[in-house]
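Here are the chains, one letter per residue:
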Amino acid sequence: MVETSDIRVVRCGGSKVNLTPPIISSDSRFVLCTSGDLVKVYSTRTEEWLHSLQGHTNQVTGITLNPANHLQVYSCSVDGTVKLWDFIDGILIKVQLVEVHETVEIFLSSGLCVSACPECFQLVSVHLPKSAEQEVEAKEMSAVSSHISKNPSCTAFGRGGEYIAFARHLQLNVYFFRKQKTYSFSLKATDKKGAKNAFTCIACHPTDDCIATGHEDGKIRLWRNFIHKKEYTYSTQHWHHNAVNTLCFTPEGTHLLSGGIESVLVQWQYGAGNRKEFLPRLGGSILHISASSDGQLFCTSHSDNKITVIESSFKVCGVIQGLVKDAVLTDLMIDPRSKALVLNGKPGHLQFYSLLRDKHLYNLDIVQQEYIYEAGLDQFEVVKAAFDIKGSWLATVEERGKKSSDLEFFLKLWAFDERTQSFVLNTTITAAHTDRIISMCFSSSEETTMLVTAAEDSQFKAWCQGADADTQQDQNFWSCDFVGSYHKLNPTNCSFSADSSLLAVSFQEVITIWSPDTWEMLTTLCQPPGVIRDLCFGRLSCSKYLLGTTTKNLLCCWNLLTCELEWSTSVDVSKLQPDPFSENVAAFSYQSKHTDLFVFKPSEPRPLFTNKNVCSEKVHRAVFVPREEPLNSCDESTQWLNRSQLYFLTQNMDLLTFSTATEEDRMLSSSKQLVIDDSVAVTPFYLLLGKHRQQQQKLNTQSHPVSDKPQQTQGSVTIKELLHTPAHVLPAASVLCSMFVNSFLISNTGVQQDPLSWLT
Amino acid sequence: MMSTDLRSAMGEFKVHRVRFFDYMPSGIRALAFNQDTERMAVARMDGSVEVFHCSDRFFQEKIIPGREQCGIEGLSWVGERLFSAGLNGGITEYDLTNQKVKYTIDAYGGPIWTITGNQQGTHLAVGCEDGTVKLFEVNEDQIQFERNLDRQKSRIISLSWHPSGSKIAAGMMDMIQVFNVETGHSIHRMLADRGAGTSRSKECVVWSVVYLSDGTIITGDSVGMVKLWDDQTGTLIKSHNVTKCDVLALSVSQNEDSLVAGTSEGIVVQFQFVSMVLEKDDKEWVRTRTFRNHTHDIRAVAEITTAVVSGGMDAQLVVRPLLDKIEVRSAASALRKIHFPHRRLVSCARKSGLMLFQYPGHLELWRLGESEGKGTPGSSLFVKRNPEKLLQLKVKGEDHIRCSAVSPCGGWIVYSTASTLRLYRLHCDNNNISITKISKLPKVLSSANQLCFSSDSSHLFSASAQSSVHIASLSQSGCKFVGTLKPKSGSHQAIHLLAASEDGKWLASANSDHEVHIYNLQTQKAHCTVPVYSSAVTAMGIHPATNCLFMMHADQQMFEYSIEQKQYTDWSRTVQRKGLHRFWVERDTPCLNVMFNPQNPSHVILHDMYMLCIIDQSLPLPDDKTQFYNQLTLKSLTEEQRKSQSHAFKVCKTFKDILCVELMPDQSLVVVERPLEDIATQLPAPIKQKKFAT
């Protein structure tokens, strides 16, 4: 099968928004942050994603406001370019190619741009040429230091950009641009009291010559007089119990903000010793802090891929949550009701994430215990989760004590509550098994829901609702229905067939088939050698097939009617994922440092689609997400993407997906149209007259295309017009009334009826 | 007491570990630094005043013992004269040459809280309980009351002169007053804020005030603030919240670019006068470093040229060097904590196994215990007879003991205060102890700076004024004056060390001007003077066999001087030529005793607070490349290799916090330890602080 070029692997939503410090526009209306190869613009008030600055071809590594024009933003990327954007309209103004060995890594600014290359992390000052052309090559550059810290927080510009301070390990360097001289100060690695003095971050005071440095043991030092070799001085403050991740001075320099793993934002009063304020319980550990230019808003970005917007009065006023991918232990799942992607979120939570809107929906607290942000603590984590087919039940397993021998785990069952539209804890089973639960699945039949868990205590158990007669309560709790085992072997997997008439449980090298109605073992399938790694039944027309992968690089397909091996092939499959809406099964195979994808039907051993080198890491988690509206592509290679989309998570925690060419074209066209719409200033006058004129033009020329856009909600436009138009230019109230009523009508003709046609 | 076998390459000793000397150092109340002579005067809670030599490794040169009921509140240098004032209402001048109180005059203003002299050296100002600031004129040999400044309603807690001497700032309850010295009127009255909340009802005590030449007044108060005031307008410029409790002491450096504040939490906070924008002149006082070396209240701080010196209730003097002011890093620039006096408080009757412990107000005589059998090296032995306290001798009068001694035979006890000297005859038959005071003492023996018995206990040597030594012969009938030894020339500083030779022929004396005189006791004439070395003598001893004088100095150098030949011995010259090992020179406490082992004449035994050392003069000296602490290495070597590897210094660090080591005639060592932890448990409780994770 030829590799088709019209299917492309794209990094889809859910990129890291916490890689670089977010920046707040000078009017405090927007928050900008890097997200993969995009720069995303969010509103500070509504926390909504407004638009993104698209144009870099690789990871964006830094953004900063243009000091000369506060409506523009510079961004730099691993692709070796520095771009200047108008971030309100999302227009690319200028591209500068910076050729520092390979790529630009970090970026800071004050008329001068400083960058570094990834291998040796050099600090280079690049002079950005003043040129009217859109694409310029920056050639004028001078090296500042040939060896700096990898961590961009360890470099900061000083007062008015006169000097740059950068630290590495135990050395602080200050480079004065005018004098072209570097001053270095070293600290001892440790002392009698066990201090760990390595630098972790740097911030410079905006008006005074004072450098604040954070250290590995949580100390903050304020350095002064650093143009003297001996008479330099510093004061030490200590509150953080772990490394200080970030420091930031407020624009006036009256306060210093610091954050670390404690997830407490600390505000130190500058020059007043240790007077400080705290904002605790912000979520994940704080990675970056930034302040708006008027000092009214602060932004913190957290390790759980979150940006918190904080008022200067130390009140959280907004949370921008990205997809949390820090420690994904569960499979990727789709909530059958909301069609949201479900996986581990905040510690102890499951997150529901809308892939369509690239927006975090909500967190479901599973563990229901306070999480302590401290390194090295053993705390409960959600390790398994499963939905039943209707989405009315959720089963979770949380466990603690992976490293130590005393394992603690709970099996919890959650019922969907229609009234509150969320999951409510129904049953907690404290000792479901005597050892760790390895696999868990719900039966797929509509009538009865049954949960099967397989654990390392060489048993599998079936759980049913309400079977326990002892409890005389109205609610139906879950209890154990059947315990099965096979030759004291440890089960590795369990799976129900599509109609729930069969249950397959694999015990090491043996697959056993059970009837869930009678709990009778029907047959065993065995294809040595190798322990069964993955197990799944075929769907729809292929439901007579059972697929299994083994650790000895075998992919086997059994025909359940004949109980015979239909076919097998030698391929190292790391993840086998059936599509619930078609017969297709996707298999990710890891070979010689890259992952290949095969999509096939169990009925035929020939793959429908092959994509070599999907990514360079192993893939352990993947999921098929149903599309809202199916594509109707006839191309054989893209047909498998018609009904659902395949998402997968690499070991680097990148969420990737496959997109077809037609899909991308459509996306692009719609985004272009949006840009044109937005590029004209939306004034009330424009709303009253400009729109109408446009409409007329379209009607006249009959070139009005069938819009892909969803129907404009005209009601809101009309109300907006009413509210935003100054009173002295409004037409008479009688006219307005009819317009207002008109706006509620839904036109059933294909041609849009403009509510303002009375003006003609 | 424990007995331990100490066996190693340095020889074999039975050790009496003595821990029943409950010595308690007294808390430090005031510090005064004299820039010109580089001396630091320290006043303690018990009224004693000590003088440390800052450039000679902080050796404690002079000790003036205190008195009962004499709480010193302030110390001040005027030129080379030292004054103190206390709550008894008197101002005292000290005679530093003879290490005693020169005179005390009453200021007639009730208890005095503070005393300070102006930079010109013409006047002393004292702040009194009755609200007056009294000015005293400093005359040639006395001080004279001149006048009062405007009387205030509340007591004057702290005072500071403007460097010009024309203005004076006074810290009081809730306020600071600035006086014009000429008119005596108050120029400004600045109100210090009380604390918030419940402490609002408590008065704010301005514990300390510093007046800078640019007109800035800096105060430290009981609210925990260090405040900066402008004396032109009388307004607050800036305030730093340093602590939740009190800021008790302030001190500014000589060039007024650094300030240290001591708090009752035991931390010292440094402020520096640095420019906020580099290379510009708008300087501000910025809090920089924090030093945490104390556990209790810091009652006094002083910033000297290269270090911050602080002292407080925990009775230790801490010298924290400022590394930015030091050119070359060396042993002299290390952090130094002085816990124990640099004098011996223990004397030992070697022949009868008695120990005499000197407390400020009394003496204790103990008999050492006895042990049984032999153990392996390092093991403790069974104590057959417990040590026994034979005697407690309380001092008559209010003065504290300056020096004391027990004769080697154990038959005589002598002690001296500032005013009297008392000699007792001790009768000891089995369990019957009786003591008789020798009533008729020669008149010259009225007071002594140092006391010493001859080795056969027949003579008492008493160092007194003018660097002279009086000799008295002791017999059953009593004490008879024999003669006075006077140095031929040199200074008249008080003698702090005496050493008599075993054969009774020689006596060596060392005074605070580093001079060592040797007298011939048979002719009662000065024999010779050892060439004066730049550092003070901390311990000395005369070798019983060779009659060589072995001297240890504060900078850890050692000299051996042959008395008979009147010159340094060859070994001493070798030591000076080759130099001592780096590790030896970098030790930070002085050696306090020199002993000789009669069974092994080449051995010299030394000790300081942390270690015990035997110098084998027959072995080669170590150079900087050789391993200095080589006991463990030597143990692992064969006999042959050991010979080639070993060097003259054998250091034992088994014992800690040593007050005294003495070698007994039966080849056993007495080690008097006073563990610092024991001292810490007897100190008053410090201010309760919330510590993280407690």
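Residues numbered from 1 in each chain as written. Chains lettered and ligands numbered in written order. Predicted model: local features only at pLDDT ≥ 70, side-chain atom pairs only at ≥ 80, totals over all residues. Heavy atoms only, no water.

**Some remarks on the overall build of chain A**
Part 1 of the reasoning: Within chain A, the secondary structure is distributed over 4 helices and 57 strands.
Part 2 of the reasoning: When burial is assessed residue by residue, chain A has 52% of its 760 residues classed as buried.
Part 3 of the reasoning: The contacts of chain A with a sequence gap of at least 6 include a subset with a gap of at least 24, amounting to 44%.
Part 4 of the reasoning: Per element, the accessible surface of chain A, about 35100 Å² overall, is 50% carbon and sulfur. (Helix = DSSP H or I, 4+ residues; strand = E, 2+ residues; numbered from the N terminus. Buried < 20%, exposed > 50% of the residue type's maximum accessible area, 1.4 Å probe, protein only. Contact = heavy atoms within 4.5 Å. Areas by Shrake-Rupley, 256 points an atom, 1.4 Å probe, with all protein chains shown as cover.)

**Comments concerning the overall build of chain B**
Part 1 of the reasoning: Regarding its fold elements, chain B presents 5 helices and 58 strands.
Part 2 of the reasoning: Since a compact globule built from 694 residues should have a radius of gyration of about 26 Å, the 27 Å found for chain B is in line with a globular shape.
Part 3 of the reasoning: Expressed as lengths along the three principal axes of its C-alpha atoms, the size of chain B is roughly 80 × 60 × 45 Å.
Part 4 of the reasoning: Of all 694 residues assigned to chain B, the portion counted as buried reaches 62%.
Part 5 of the reasoning: The long-range share in chain B, meaning contacts at least 24 apart out of those at least 6 apart in sequence, stands at 48%.
Part 6 of the reasoning: A total accessible area of about 28300 Å² is found for chain B, and carbon and sulfur atoms account for 48% of it. (Rg over C-alpha atoms; globule rule 2.2 N^0.38 Å.)

**Remarks on the interface of chain B and chain A**
Part 1 of the reasoning: Taken together, the contacts link 20 residues of chain B with 23 residues of chain A.
Part 2 of the reasoning: Taken together, the two surfaces of chain B and chain A that pack against each other cover about 1800 Å², and 50% of this comes from carbon and sulfur.
Part 3 of the reasoning: Sorting the residues of chain B by area buried against chain A places B:Met276, B:Leu278 and B:Asp324 first, and these three jointly supply 32% of that buried surface.
Part 4 of the reasoning: Between the two partners, chain B and chain A, sit 0 salt bridges.
Part 5 of the reasoning: Taken together, the links from chain B to chain A amount to 4 residue pairs in polar contact (both at pLDDT 80 or more).
Part 6 of the reasoning: When contributions to the side of chain B that touches chain A are tallied by element, the ones reaching two or more residues are β22 (235-241), β25 (267-275) and β26 (283-292) of chain B.
Part 7 of the reasoning: Per element, the largest residue contribution to the side of chain B that touches chain A is 5 residues, and it comes from β26(B). (Buried area = accessible area lost by both parts, 1.4 Å probe. Salt bridge = Lys/Arg side-chain N within 4 Å of Asp/Glu carboxyl O. Polar contact = N/O pair within 3.5 Å; in protein donor to acceptor, adjacent residues only side chain to side chain.)

**Quick word on the UniProt feature "repeat: WD" (unreviewed entry) in chain A**
Residues and elements named next belong to chain A.
Part 1 of the reasoning: Sequence positions flagged by UniProt for "repeat: WD" (unreviewed entry) are, in local numbering, residues 53-95, 192-223, 237-278 and 430-463.
Part 2 of the reasoning: Along residues 53-95 the backbone is 0% helical and 67% strand, and the end-to-end C-alpha distance reaches 13 Å.
Part 3 of the reasoning: Within residues 192-223, the helical portion is 0% and the strand portion 50%, while the C-alpha atoms at the span's ends are 22 Å from each other. (UniProt positions renumbered as here; feature names shortened; annotations may be inferred.)

**Observations regarding the sheet that holds strand β15 (residues 155-157) of chain A**
Residue and element names in this part refer to chain A.
Part 1 of the reasoning: If you walk across this open sheet you meet the 4 strands as β15-β16-β17-β18, and the pairing is antiparallel. Single-partner strands in this sheet number two, and they are β15 and β18 (181-186). Taking the axes of each pair of neighbouring strands and ignoring which way they run, one obtains an average angle of 15° across the sheet.
Part 2 of the reasoning: For strand β17 (residues 171-176) and β18, the ladder comprises 6 bridges, and the chain directions are antiparallel. (Pairing = 2+ DSSP bridges. Axes fitted to C-alpha atoms, helices over the stretch in contact; angles between N-to-C directions.)

**A word on the sheet that holds strand β50 (residues 564-570) of chain A**
What holds strands together in a sheet is hydrogen bonding between their backbones, with the strands either parallel or antiparallel.
All names here are of chain A.
Part 1 of the reasoning: Here we have 4 strands laid out as an open sheet, ordered β47-β48-β49-β50, and antiparallel in their pairing. Looking at the sheet topology across the chains shown, the edges are occupied by β47 (532-537) and β50. Put simply, the sheet's adjacent strands are angled 20° from each other on average, direction ignored.
Part 2 of the reasoning: Judged from the 5 bridges that link them, β47 and strand β48 (residues 545-550) form a sheet pairing that is antiparallel. Residue Phe537 lies in a different strand from β48, and its bridge partner there is Leu546.

**A few points about the packing of aromatic side chains**
In this description, an aromatic ring pair is defined by two values, namely the gap between the centres and the angle between the planes.
Part 1 of the reasoning: What the rule picks out here adds up to 53 aromatic pairs over all chains.
Part 2 of the reasoning: Ring geometry for A:Phe249 against A:Tyr270: centres 5.9 Å apart, planes inclined by 85°, an arrangement best described as edge-to-face. Linking A:Phe249 in strand β23 (residues 244-249) with A:Tyr270 in the loop between β25 (265-269) and β26 (276-279), this pair joins segments that are 21 residues apart in sequence. Neither A:Phe249 nor A:Tyr270 differs from the other in exposure class; each is buried.
Part 3 of the reasoning: Measuring from ring centre to ring centre gives 4.9 Å for A:Phe460 and A:Trp514, while their planes differ by 70°; the resulting arrangement is edge-to-face. Of this pair, A:Phe460 sits in strand β41 (residues 459-465) while A:Trp514 sits in strand β45 (residues 510-515), placing them 54 residues apart in sequence. Neither residue differs from the other here; A:Phe460 and A:Trp514 are each classed as buried.
Part 4 of the reasoning: One aromatic cluster is present, built from ring pairs that chain together B:Phe20, B:Phe21, B:Tyr23, B:Phe340, B:Phe357, B:Tyr359 and B:Trp366. (Phe/Tyr/Trp six-rings, centres within 6.5 Å; stacked < 30°, edge-to-face > 60°.)

**Re the nonpolar core**
All names here are of chain B.
Part 1 of the reasoning: Membership of the largest hydrophobic core comes to 22 residues, with the highest contact counts inside it found for Phe550, Met552, Met558, Trp584, Leu606, Ile615 and Phe649.
Part 2 of the reasoning: Elements with a contribution of two residues or more to this core: β50 (548-553), α1 (570-578), α2 (582-585), β53 (593-596), β54 (603-607), β55 (612-616) and β56 (649-652).
Part 3 of the reasoning: Excluding anything up to four places from it in sequence, Trp584 contacts Met552, Gln556, Met558, Cys591, Leu606, Met611, Cys613, Phe628 and Phe649.
Part 4 of the reasoning: Residues Phe340, Met355, Cys660 and Val672 belong to the second largest nonpolar core, which totals 20 residues. (Core = buried A, V, L, I, M, F, W, Y, C linked by side-chain atoms within 4.5 Å.)

**Thoughts on the pattern of salt bridges**
Residue and element names in this part refer to chain B.
Part 1 of the reasoning: Summed over all chains, the structure comprises 31 salt bridges over all chains.
Part 2 of the reasoning: For Lys102, the salt bridge goes to Glu93, with nearest N and O atoms at 3.7 Å.
Part 3 of the reasoning: Residue Glu93 is classed as buried on the basis of its relative accessible area, which comes to 1%.
Part 4 of the reasoning: Its salt-bridge partner being Arg344, residue Glu662 comes within 2.7 Å of it at the nearest N-O pair. Here Glu662 is found in strand β57 (residues 658-663), whereas its partner Arg344 is found in the loop between β30 (336-338) and β31 (346-349), with 318 residues between them in sequence.
Part 5 of the reasoning: Residue class for Arg344 comes out partly exposed when judged on its relative accessible area of 32%.

**Looking at the side chain of A:Asp217**
Residues and elements named next belong to chain A.
Part 1 of the reasoning: Note that Asp217 resides in the loop between β20 (211-215) and β21 (219-224).
Part 2 of the reasoning: A relative accessible area of 11% places Asp217 in the buried class.
Part 3 of the reasoning: Those residues in contact with Asp217 that lie beyond four places of it in its chain are Ala195, Lys196, Asn197, His238, His240, His241 and Asn242.

**A few points about a positive patch on the surface**
Part 1 of the reasoning: Where like charges cluster on the molecular surface, the positive patch consists of A:Lys188, A:Lys192, A:Lys193, B:Arg292 and B:Lys691.
Part 2 of the reasoning: Looking at the secondary structure, you find B:Lys691 in the segment after α5 (676-682). (Patch = residues over 30% accessible without salt bridge, like charges linked within 9 Å, V, L, I, M, F, W, Y side chains within 5 Å. Lys, Arg positive; Asp, Glu negative; His and termini not counted. Charge placed at Lys NZ, Arg CZ, Asp CG, Glu CD.)

**Topic: the pairing of strand β6 (residues 60-66) of chain A**
Residues and elements named next belong to chain A.
Part 1 of the reasoning: Counting buried residues in β6 gives 7 out of 7 residues, a clear majority hidden from the surface.
Part 2 of the reasoning: Note: β6 against strand β7 (residues 69-77), 6 bridges, orientation antiparallel. Considered in β7, the bridge of Leu65 is made with Val73.
Part 3 of the reasoning: Linking two consecutive strands that pair antiparallel, namely β6 and β7, is a turn of 2 residues.

**Examining the pairing of strand β27 (residues 286-291) of chain A**
On any regular strand, side chains alternate: one points to one face of the sheet, the next to the other face.
Part 1 of the reasoning: Taken together, the 5 bridges between β27(A) and strand β28 (residues 297-302) of chain A define a ladder with antiparallel strand orientation. Bridge pairing in β28(A) places A:Ala291 opposite A:Phe298.

**As for unusual backbone geometry**
Part 1 of the reasoning: For A:Asn225, which is not glycine, the phi dihedral falls at a positive 60°.
Part 2 of the reasoning: Tracing the chain through its elements places A:Asn225 in the loop between β21 and β22 (233-238).
Part 3 of the reasoning: The phi dihedral of B:His514 falls on the positive side, at around 70°, and the residue is not glycine.
Part 4 of the reasoning: Within the secondary structure, B:His514 is located in the loop between β46 (506-511) and β47 (516-520).

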